[in-house]
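Here is what each chain is made of, one letter per residue.
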Amino acid sequence: MPPIVIAGSGLAGYTLLKEIRKRDATVPVTLVTADDGTFYAKPNLSNALAAGRTAAALAGASAQEMAAGQNATVLPYTRITAIDTQRQRIHSDGGELEYRQLVLALGADPIPHGLAGSGAADVLTVNDLADYAAFRGAIDGKKRITVLGGGLIGCEFANDLAHAGFAVDVVHLGGWPLERLLPVEAGQRLADSLTVLGVRWHFGRTGKSVDAVADGYRVVLDNGEVIEADVVLSAIGLRPRIRLAQAAGIPVGRGIQTDRLLQTGAANVYAMGDCADIEGLNLPYVQPLMMQARALAATLTGTPTPVVYPAMPVMVKTPVHPVAVLPPRIDAPGGWKVECSDTGVCALHTDATGRLQGFVLTGSETGRRNALVKELAV
Ligand SMILES: Cc1cc2nc3c(=O)[nH]c(=O)nc-3n(C[C@H](O)[C@H](O)[C@H](O)COP(=O)(O)OP(=O)(O)OC[C@H]3O[C@@H](n4cnc5c(N)ncnc54)[C@H](O)[C@@H]3O)c2cc1C
């Protein structure tokens, strides 16, 4: 009998492997991954400086240790190049492999920054442990970091870098950080707190070009403003890796489309984690992928189980002014009621009857998170 094949060794792929093993100690599982297969927690990449941890310190079990610990075959440095959904085979640079079920846990790629200039190719992104090792090498002994993008990951890096003593500029198209998730009062409070830490904001701006100069880089913004930097980090967002699925004729939208059983449009092919659109929702966070892994492990071991999500707030790891967000559904009725105190902001999204639909808490108000999650669950 061919194995269950998991494509990808990120938190999605490895969490699924562990969940399968909780249910079935012996079903053959092969995990195929383009990287070295080291287990690590990706969220730690954006607060490792404050925690005093290097890339090596963030690395958990190796591919070999994961294979031994989970009674599985793990094939590192093996990039899947095509999926034959008819013959149930994957093609990779390591050869062909037949699957009984295939799970695509391929993650997401950084969105290209599109900047012109002689330094454009030197702009870094941090989306995995190897990127982080390169980033730490690049900032060693340097002082001035320009971060492109003031979303969740950009803000987290800005906080971590500024806290560690770097001079940080953040270039952000929106009028305040995380403007798609936070009402202006909450976003402004986060921006102000990061400013106190030394972060310089460039709101309503995008980068136009990056040129390599004698002592670093010259970043030119769309209004002509110039920022001198030693390192430029792009954190403008990620987009689900859909190309393999698309080339195999599997329906894709923003991500690889699945139903609540995580089944794609191809028989015996599933998708989860950052690469998946589950009933139209791409949720690129850890808690959703944990829920997906649990449900899918049950399905793959004989008990078809749709994924069900509890209320899942996202914590923004900005210790200078932490933020907890639980966005309301896009079509949720009602509006925001925002209350500000000296130490934080509490924004509640309620409908006409006062029923809670979502929330944003900042600073000291984040202490109310669990109570509000309970209220949402009622
Ligand atoms: C800096 C940072 C901080 C974050 N902080 C938080 C946080 O605080 N809280 C939170 O909930 N979420 C956070 N996130 C998001 C969270 O980390 C991701 O949602 C999660 O790690 C995604 O896991 P994944 O396994 O789906 O993808 P990935 O970790 O990207 O794994 C994809 C895997 O697929 C493999 N792969 C890709 N293409 C191929 C191929 N063709 N063949 C074989 N293998 C392939 C890759 O090598 C990799 O092993 C953060 C993300 C970043 C970048």
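Residues numbered from 1 in each chain as written. Predicted model: local features only at pLDDT ≥ 70, side-chain atom pairs only at ≥ 80, totals over all residues. Heavy atoms only, no water.

Undergrad: A description of unusual backbone geometry should follow, citing residues and the corresponding values.
TA: One non-glycine residue, glutamine 88, adopts positive backbone phi at about 55 degrees. Within the chain, leucine 178 stands out as a residue other than glycine whose phi angle is a positive 50 degrees.

Undergrad: I'd like to hear about the packing of helix α1 (residues 11–23) against helix α8 (residues 286–300), residue by residue, with values.
TA: Two elements in contact, α1 and α8, have axes whose closest approach is 8 Å; the angle formed by their N-to-C orientations is 40 degrees. When the axes of α1 and α8 are compared, the pair comes out oblique. Seen from above, α1 lies across α8 with right-handed handedness. Contact residues: α1 offers Leu11, Ala12, Thr15, Leu16, Glu19, Ile20 and Arg23, while α8 offers Val286, Leu289, Met290, Ala293, Arg294, Leu296, Ala297, Ala298 and Leu300. In the contact of α1 with α8, the residues fall into 12 nonpolar, one polar and three charged. (Axes fitted to C-alpha atoms, helices over the stretch in contact; angles between N-to-C directions. Helix = DSSP H or I, 4+ residues; strand = E, 2+ residues; numbered from the N terminus. Parallel < 35°, antiparallel > 145°, perpendicular 65-115°, else oblique. Left-handed = near helix turned anticlockwise from the far one by under 90°. Contact = heavy atoms within 4.5 Å. Nonpolar A, V, L, I, M, F, W, Y, C, P; charged D, E, K, R; others polar.)

Undergrad: Mind laying out the environment of arginine 294, listing which residues take part and the relevant values?
TA: Here arginine 294 is to be found in helix α8. Looking at arginine 294, the relative accessible area reads 44%, which means it is partly exposed. It is 8.9 Å that separates the C-alpha atoms of arginine 294 and threonine 305, two residues lying 11 residues apart in sequence. (Buried < 20%, exposed > 50% of the residue type's maximum accessible area, 1.4 Å probe, protein only.)

Undergrad: Can you lay out the domain arrangement of the chain for me, pointing to particular residues and giving the numbers?
TA: Under the domain assignment, the chain is made up of domain 1 (4–109 + 238–300), domain 2 (112–234) and domain 3 (322–377). Averaged C-alpha coordinates put domain 2 and domain 3 at centres separated by 28 Å. Across the boundary between the two partners, domain 2 contributes seven residues, which contact 14 residues of domain 3. In total, about 740 Å² of surface goes out of reach between domain 2 and domain 3, with carbon and sulfur atoms giving 78% of it. Looking only at domain 2, the three residues that lose the most surface to domain 3 are Leu181, Pro183 and Arg189, adding up to 57% of its buried area. (Domains from an automatic or database assignment. Buried area = accessible area lost by both parts, 1.4 Å probe.)

Undergrad: Give me the pattern of salt bridges: which residues, what numbers.
TA: Using the criterion set out here, one finds 15 salt bridges in the structure. The closest approach of N and O atoms between aspartate 169 and arginine 200, which form a salt bridge, is 2.9 Å. Taken as a pair, aspartate 169 in strand β10 (residues 167–172) and arginine 200 in strand β11 (residues 200–203) lie far apart in primary sequence, 31 residues in all. Of the charged contacts in the structure, one is a salt bridge between aspartate 331 and arginine 329, with a shortest N-O distance of 3.0 Å. (Salt bridge = Lys/Arg side-chain N within 4 Å of Asp/Glu carboxyl O.)

Undergrad: Please give an account of the sheet that holds strand β13 (residues 216–221) that cites residues and values.
TA: Across the sheet, three strands lie side by side as β12-β13-β14; this open sheet has antiparallel pairing. Looking at the sheet topology across the chains shown, the edges are occupied by β12 (207–213) and β14 (226–229). Strand-to-strand, the axes of this sheet are offset by a mean angle of 20 degrees, without reference to chain direction. Of the pairings in the sheet, the one linking β13 to β14 comprises four bridges and is antiparallel in character. In the sheet register, tyrosine 217 faces β14, and the bridge partner there is alanine 229. (Pairing = 2+ DSSP bridges.)

Undergrad: So what's going on with the nonpolar core? Which residues, and what values?
TA: By size, the foremost hydrophobic cluster in this structure holds 52 residues, and its most contacted members are Leu16, Ile20, Leu104 and Met272. Considering each element in turn, this core owes the most residues, seven residues, to α8. Not counting residues up to four positions away in its chain, the partners in contact with leucine 104 are Ala7, Ile83, Ala245, Ile256, Val269, Tyr270, Ala271, Met272 and Cys275. Core analysis: the second largest hydrophobic core is formed by 40 residues, Leu49, Tyr132, Ile139 and Phe157 among them. (Core = buried A, V, L, I, M, F, W, Y, C linked by side-chain atoms within 4.5 Å.)

Undergrad: Explain the site of the ligand to me, using residue names and the numbers behind them.
TA: Around the ligand, the structure places 32 residues, and the nearest of them are Asp35, Ile80, Asp274, Val286 and Lys317. Calculation on the ligand without its partners gives an accessible area of 1000 Å², and the protein chains cover 92% of this total. Of all the secondary structure elements, the ones that give two or more residues to the shell around the ligand are α1, α5 (152–163) and α8. Examining the composition of the shell around the ligand, we find that three residues originate from one element, α5, more than from any other. In terms of residue class, the shell around the ligand is built from 16 nonpolar, nine polar and seven charged. (Near = heavy atom within 4 Å. Areas by Shrake-Rupley, 256 points an atom, 1.4 Å probe, with all protein chains shown as cover.)

Undergrad: Which residues make up the sheet that holds strand β6 (residues 95–98), and what values do they have?
TA: A sheet is described by the order of its strands in space; here three strands give the open sequence β4-β5-β6, paired in antiparallel fashion. Strands with a single pairing partner mark the edges of an open sheet, and in this sheet they are β4 (80–84) and β6. Ignoring strand direction, the axes of neighbouring strands in this sheet form an average angle of 20 degrees. Of the strand pairs in this sheet, strand β5 (residues 89–92) and β6 are connected by four bridges, and their pairing is antiparallel. Looking at β6, one finds that isoleucine 90 is bridged to leucine 97.

Undergrad: Break down the side chain of serine 209 for me, with residues and values.
TA: Topologically, serine 209 is positioned in strand β12. In this structure, serine 209 is in contact with Leu115, Ala116, Gly117, Arg218, Val219 and Val220, ignoring residues within four places of it in sequence.

Undergrad: Quick one: what's the story with the packing of aromatic side chains, residue by residue and with numbers?
TA: Considering all chains together, one arrives at four aromatic pairs under this definition. Arranged with centres 5.9 Å apart and planes meeting at 55 degrees, the rings of tyrosine 14 and phenylalanine 39 form a pair that is tilted. With tyrosine 14 in helix α1 and phenylalanine 39 in the loop between β2 (29–32) and α2 (55–58), the pair connects residues that are 25 residues apart, well separated along the chain. Overall, tyrosine 14 belongs to the buried group, its relative accessible area being 0%. Look at tryptophan 201 and phenylalanine 203: their rings are 4.8 Å apart centre to centre, the planes differ by 10 degrees, and that puts the pair in the stacked class. The rings of Tyr132, Phe135 and Phe157 are connected pair by pair, giving a single aromatic cluster. The ring centre of phenylalanine 39 lies 4.2 Å from the NZ or CZ of lysine 18, which sits over that ring. (Phe/Tyr/Trp six-rings, centres within 6.5 Å; stacked < 30°, edge-to-face > 60°. Lys NZ or Arg CZ within 6 Å of the ring centre and 35° of its normal.)

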